[in-house]
Amino acid sequence: MTSNPMTNMKVYEGVEITAEPMTIAGTVNKSVILLAVVILTSCITWFLAYSGFGDKTYTLAVIGAICAFVLALFASFKPHLAKPLGIGYAAFEGLFLGGISAIFNMQYPGIVSQAVVATFCSMFIVLALFKARIIRATEAFRSTIIGATITIAVVYLLSIVLSFFHINALSGALASNSLLSIGLNAIIAVIACLNFILDFDFIERGVEQGAPKYLEWYGAFSMLVTLIWLYIEILRLLAKLNSRR
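Residues numbered from 1 in each chain as written. Predicted model: local features only at pLDDT ≥ 70, side-chain atom pairs only at ≥ 80, totals over all residues. Heavy atoms only, no water.

Q: Which residues make up helix H4 (residues 111-131), and what are the values?
A: Count 3.6 residues to each turn of an α-helix, and residues three or four apart come out pointing the same way. Helix length check: H4, at 21 residues, gives a terminal C-alpha distance of 30 Å against a target of 30 Å (1.5 Å per residue), a fit within 8%. Turning to H4, its buried residues are Ile111, Val112, Ala115, Thr119, Met123, Val126 and Phe130. Along the axis of H4, the buried positions cluster into a sector of 105°, meaning they face one direction only. Turned more than 90 degrees away from the buried face of H4, the exposed residues are Val117, Ile125 and Lys131. In this structure, the buried residues of H4 make contact with helix H1 (24-50), helix H3 (82-107), helix H7 (179-208) and helix H8 (215-243). Directly after H4, the chain includes Arg133, whose backbone phi takes a positive value near 60°. (Helix = DSSP H or I, 4+ residues; strand = E, 2+ residues; numbered from the N terminus. Expected span 1.5 Å × (residues − 1). Buried < 20%, exposed > 50% of the residue type's maximum accessible area, 1.4 Å probe, protein only. Arc of directions from axis to C-beta. Contact = heavy atoms within 4.5 Å.)

Q: I'd love a proper account of the environment of Thr149, names of residues and values included.
A: For Thr149, the position within the fold is in helix H5 (residues 139-164). When its relative accessible area of 1% is taken as the criterion, Thr149 is described as buried. When the C-alpha atoms of Thr149 and Phe120 are compared, they prove to be 20 Å apart, with 29 residues separating the residues in sequence.

Q: Go over the pattern of salt bridges with me, naming the residues and quoting the values.
A: Counted according to the given criterion, the structure contains six salt bridges. Residue Glu216 pairs with Lys30 through a salt bridge whose shortest N-O separation is 2.8 Å. Residue Glu216 is located in helix H8, and its partner Lys30 is located in helix H1; the two are separated by 186 residues in the primary sequence. Relative accessible area serves as the criterion here: at 0%, Glu216 is assigned to the buried category. Linking Arg236 and Glu233 is a salt bridge whose minimum nitrogen-to-oxygen distance equals 3.0 Å. A residue pair is termed a helical-turn pair when its members lie 3 or 4 positions apart in one helix, as Arg236 and Glu233 do in helix H8 at three residues. A residue is classified by how much of its surface remains accessible, and Glu233, at 1% relative accessible area, is buried. When salt bridges that share partners are traced, they join Lys30, Lys213 and Glu216 into one network. (Salt bridge = Lys/Arg side-chain N within 4 Å of Asp/Glu carboxyl O.)

Q: Provide a residue-level description of the side chain of Lys240, including the pertinent values.
A: Its place among the elements puts Lys240 in helix H8. Lacking a salt bridge, the buried Lys240 has Glu233 as its closest oppositely charged neighbour, with an N-O distance of 6.7 Å. A polar contact is formed between the side chain of Lys240 and the backbone oxygen of Leu174, at a distance of 2.6 Å. (Lys, Arg positive; Asp, Glu negative; His and termini not counted. Polar contact = N/O pair within 3.5 Å; in protein donor to acceptor, adjacent residues only side chain to side chain.)

Q: Give a detailed account of the nonpolar core, specifying residues and quantitative values.
A: Ranked by internal contacts, the top residues of the largest apolar core, which has 60 residues, are Tyr89, Leu97 and Phe196. Where this core is concerned, the elements lending two or more residues are H1, helix H2 (54-77), H3, H4, H5, H7 and H8. Ranked by residues supplied to this core, first place goes to H8 with 18 residues. Excluding anything up to four places from it in sequence, Tyr89 contacts Ala68, Leu71, Ala72, Phe221, Leu224, Val225 and Ile228. (Core = buried A, V, L, I, M, F, W, Y, C linked by side-chain atoms within 4.5 Å.)

Q: Mind laying out a nonpolar patch on the surface, listing which residues take part and the relevant values?
A: A surface patch of nonpolar side chains, about 690 Å² in accessible area, is lined by Tyr58, Val62, Ile66, Phe69, Val70, Leu73 and Phe74. Tracing the chain through its elements places Val70 in helix H2. When its relative accessible area of 36% is taken as the criterion, Val70 is described as partly exposed. (Patch = residues over 30% accessible without salt bridge, like charges linked within 9 Å, V, L, I, M, F, W, Y side chains within 5 Å. Areas by Shrake-Rupley, 256 points an atom, 1.4 Å probe, with all protein chains shown as cover.)

Q: Describe the confidence of the model for the protein chain, and please don't skip the residues or the numbers.
A: Residue-level pLDDT values for the protein chain average 90, and 92% of them are 70 or greater. Across the protein chain, element-level confidence peaks in H1 with a mean pLDDT of 97 and bottoms out in helix H6 (residues 169-175) with 85. (pLDDT = per-residue confidence, 0-100.)

Have a look at this one:
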């Protein structure tokens, strides 16, 4: 996982106020569209996995993960192209999520529905805290969350690189069901959840500044990136807890 590049406030620098600025409602609508695309494409790999086509499921999931990552990088530098890049990201990410979700659900029946409920409940709780101004996106808060997220990204990337050289100590430790690993997974899930504060603040500032309409797609893309990261962390956490029973 990486720190969410969509919440970079520099995106708003130099943009002109337009006759049709971005709105909260517009951003929510775009978020629903992107989420619908994720769900639709995830059905493909989910169905393949349950139909016994494990090899095809794995291939599509890997392709989806790689393509989604590339599109996310492009979107961070091309906010005006957030609509096509966001839809493409959602489509490829769905292929990945459908595959891994099916695998986890086969091993621990019902775990996916639990992870979905926990993910959305967490998001709405954080949204309520943000709207009530109980948690604010101060500079100190922003720096702490971004720093923690980057650290997590580096650790995950390092574990992947080392695994290519058959050095699996780090990846094994992260994937184990030890109490230490579970505790670390829980902390990462909390950090992922707190990234929603940065997303909400990013969107709110854009609306206040009368940012262009196309940034609704950018804001929706930002929330989707965080939502998927949180879902994956919760899914992994639940799997570890189930494996200890």
